[in-house]
Amino acid sequence: MNFQELDTLDERLDLMRKLAKDFLVRAHQVDIEGSFPFANIQDLKNTGYTTLTVPSMYGGKEISLYELIRLQETMAEGDGATALSVGWHMGIIMNLHEKNSWKESIFRYLCEQVKNGALINSAQSEPKTGSPTRGGRPETTAEKVKNGWVINGRKTFTTMSPVLDFFIVSATIKETNDVANFLIPRSTNGLNIEETWDSIALKGTGSHDLILDNCLVESEYLVEEFSSNAKRANGWLLHIPACYLGIAKAAQRYAIQFAKDYSPNSIVGPIIDLPNVQQKLGEVELKLMQSEYILYGVARQWDLTNDDGREKMGAALGAAKLSVTNMAIEVVDLAMRIVGAKSLSMKNPLQRYYRDVRAGLHNPPMDDMTIQLLAKNSILNH
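Residues numbered from 1 in each chain as written. Predicted model: local features only at pLDDT ≥ 70, side-chain atom pairs only at ≥ 80, totals over all residues. Heavy atoms only, no water.

Asks: If you had to explain the side chain of His-208 to someone new, which residues and values would you point to?
Replies: As for its placement among the helices and strands, His-208 is situated in strand β7 (residues 208–217). Within the structure, the side chain of His-208 is placed 3.2 Å from the backbone nitrogen of Thr-196, a separation counted as a polar contact. In this structure, His-208 is in contact with Lys-155, Thr-156, Phe-157, Thr-158, Ser-161, Pro-162, Ile-193, Glu-194, Glu-195, Thr-196 and Trp-197, ignoring residues within four places of it in sequence. (Helix = DSSP H or I, 4+ residues; strand = E, 2+ residues; numbered from the N terminus. Polar contact = N/O pair within 3.5 Å; in protein donor to acceptor, adjacent residues only side chain to side chain. Contact = heavy atoms within 4.5 Å.)

The structure is reproduced here in structure tokens:
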């Protein structure tokens, strides 16, 4: 079955649930080995999932943001690392189409490659700049030469690096000190991946370092230059909280099944009948409902809003990410309280969910920046 052949969200969600079941089976092994979920990514490519955000003008389905986050959330119920990894690829294609910021011929070429199975991600973070959202200038450099650009530098947190075909690399142009993005194919001489990813969370994202050693790229592969203007709102980044909501739902599912099955000899019947367990399950359900309402609501608002209106949605997008991510952490904690000490066993998926869900605190936008933005908005509006 192929996502491209399915016309409704319900049909696509059904197919994603089937894939997510396989991802869940593989997740433990990938986690304990610290390896990469090659089989999951191949399944997503084989079923046409990685092409769903390609614009219709280039033969794609051009799915909405709402549909994207629903599919990404469902994928994360099987494996959060796979979902976060491919979410960057899916969202970048969506974002480039919405912003129309690249030369049309280059974007068309990229979409053609994606339809043939290519994967892309952005490489922005560096050891000394911290999160790109805080404004650090890249130490990676780009120098103009006769036949293109020579790129040198090191990028960190290059998620999905084992299988990427294209990298969007930020660099400081030597001659002008301006910052620009360059599209760099994996086949470029001097491009290498150094396997540095040793995080205890989302081990399967393969977020290694990207090494650029005198990489020569064509002149037209300078795809975007940045001004000092404020950054534009990015709806596609909702794939991040969607991932953590999916992990939280996986924790809920496990906790409920455990509570139905576990019957210690100190009580009659399973623990799911106990008021204190039902209290925690009720709290879990409430937090998931709240998360769905804000995440789905903001995504739908984005889909229904024109470009000018979207530029005013930065605070809402940040609030959705902050709320959903933090509530997901609370949900996993409650699930572990229900299951008890067994949740700390390496064989138990809850300990993986516990580690993985906390990674959301370090994905953009950061909580403190969102709170500052909300404060500014409230002051301006009152």
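Asks: I'd like a description of the packing of helix α4 (residues 80–99) against helix α6 (residues 239–261), backed by residues and values.
Replies: Where α4 meets α6, the axes come as close as 9 Å, and the angle between the chain directions of the two elements is 165°. Comparing their axes, α6 and α4 come out roughly antiparallel. When the axes of α4 and α6 are compared, the crossing they make is right-handed. Mapping the contact onto sequence places Gly-80, Ala-83, Leu-84, Gly-87 and Trp-88 in α4 and His-239, Ile-240, Cys-243, Tyr-244 and Ile-247 in α6. Classifying every residue of the contact of α4 with α6 gives 7 nonpolar, 3 polar and no charged. (Axes fitted to C-alpha atoms, helices over the stretch in contact; angles between N-to-C directions. Parallel < 35°, antiparallel > 145°, perpendicular 65-115°, else oblique. Left-handed = near helix turned anticlockwise from the far one by under 90°. Nonpolar A, V, L, I, M, F, W, Y, C, P; charged D, E, K, R; others polar.)

Asks: Now, about the packing of aromatic side chains: what can you tell me, with residues and values included?
Replies: Taken as a whole and assessed by the stated rule, the structure comprises 10 aromatic pairs. The interplanar angle of 90° and the centroid separation of 5.7 Å between the aromatic rings of Tyr-66 and Tyr-296 together place this pair among those described as edge-to-face. Here Tyr-66, found in helix α3 (residues 65–78), pairs with Tyr-296, found in helix α7 (residues 275–304); they are 230 residues apart in sequence, far enough to count as distant. In this pair, the class of Tyr-66 matches that of Tyr-296, namely buried. (Phe/Tyr/Trp six-rings, centres within 6.5 Å; stacked < 30°, edge-to-face > 60°. Buried < 20%, exposed > 50% of the residue type's maximum accessible area, 1.4 Å probe, protein only.)

Asks: Please set out the pairing of strand β2 (residues 141–145) residue by residue, giving values where relevant.
Replies: Where a strand is regular, its side chains alternate between the two sheet faces. Where β2 and strand β3 (residues 148–158) come together, 5 bridges link them in antiparallel fashion. Pairing of Glu-143 across the sheet is with Val-150, part of β3. Hairpin geometry of β2 and β3 is characterised by an intervening segment of 2 residues between the two adjacent antiparallel strands. (Pairing = 2+ DSSP bridges.)

Asks: Describe the nonpolar core, and please don't skip the residues or the numbers.
Replies: Within the largest apolar cluster, 113 residues are counted, with the highest numbers of intra-cluster contacts made by Tyr-49 and Phe-182. Dropping the residues within four chain positions of it, Phe-182 is found in contact with Ala-142, Trp-149, Ile-151, Phe-167, Ile-168, Val-169, Ala-171, Ile-173, Val-217, Tyr-221, Leu-222 and Val-223. (Core = buried A, V, L, I, M, F, W, Y, C linked by side-chain atoms within 4.5 Å.)

Asks: Lay out helix α1 (residues 9–33) with the relevant residues and their values.
Replies: The end-to-end C-alpha distance of α1, which contains 25 residues, comes to 34 Å, matching closely the 36 Å that a straight helix rising 1.5 Å per residue would cover. Within the span of α1, buried status applies to Leu-9, Arg-12, Leu-13, Leu-15, Met-16, Leu-19, Ala-20, Phe-23, Ala-27, Val-30 and Asp-31. Summarising the contacts, the buried residues of α1 are in contact with α2 (38–46), α3, α4 and α10 (349–358). Phi turns positive one or two residues past the end of α1, at Gly-34, with a value near 65°. (Expected span 1.5 Å × (residues − 1).)

Asks: Describe the pattern of salt bridges, naming the residues involved and giving the relevant values.
Replies: Tallied over the entire structure, the rule returns 17 salt bridges. Between Asp-7 and Lys-61 there is a salt bridge whose closest N-O contact spans 3.7 Å. Of this pair, Asp-7 sits in the segment before α1 while Lys-61 sits in the loop between α2 and α3, placing them 54 residues apart in sequence. Residue Asp-7 is classed as exposed on the basis of its relative accessible area, which comes to 61%. (Salt bridge = Lys/Arg side-chain N within 4 Å of Asp/Glu carboxyl O.)

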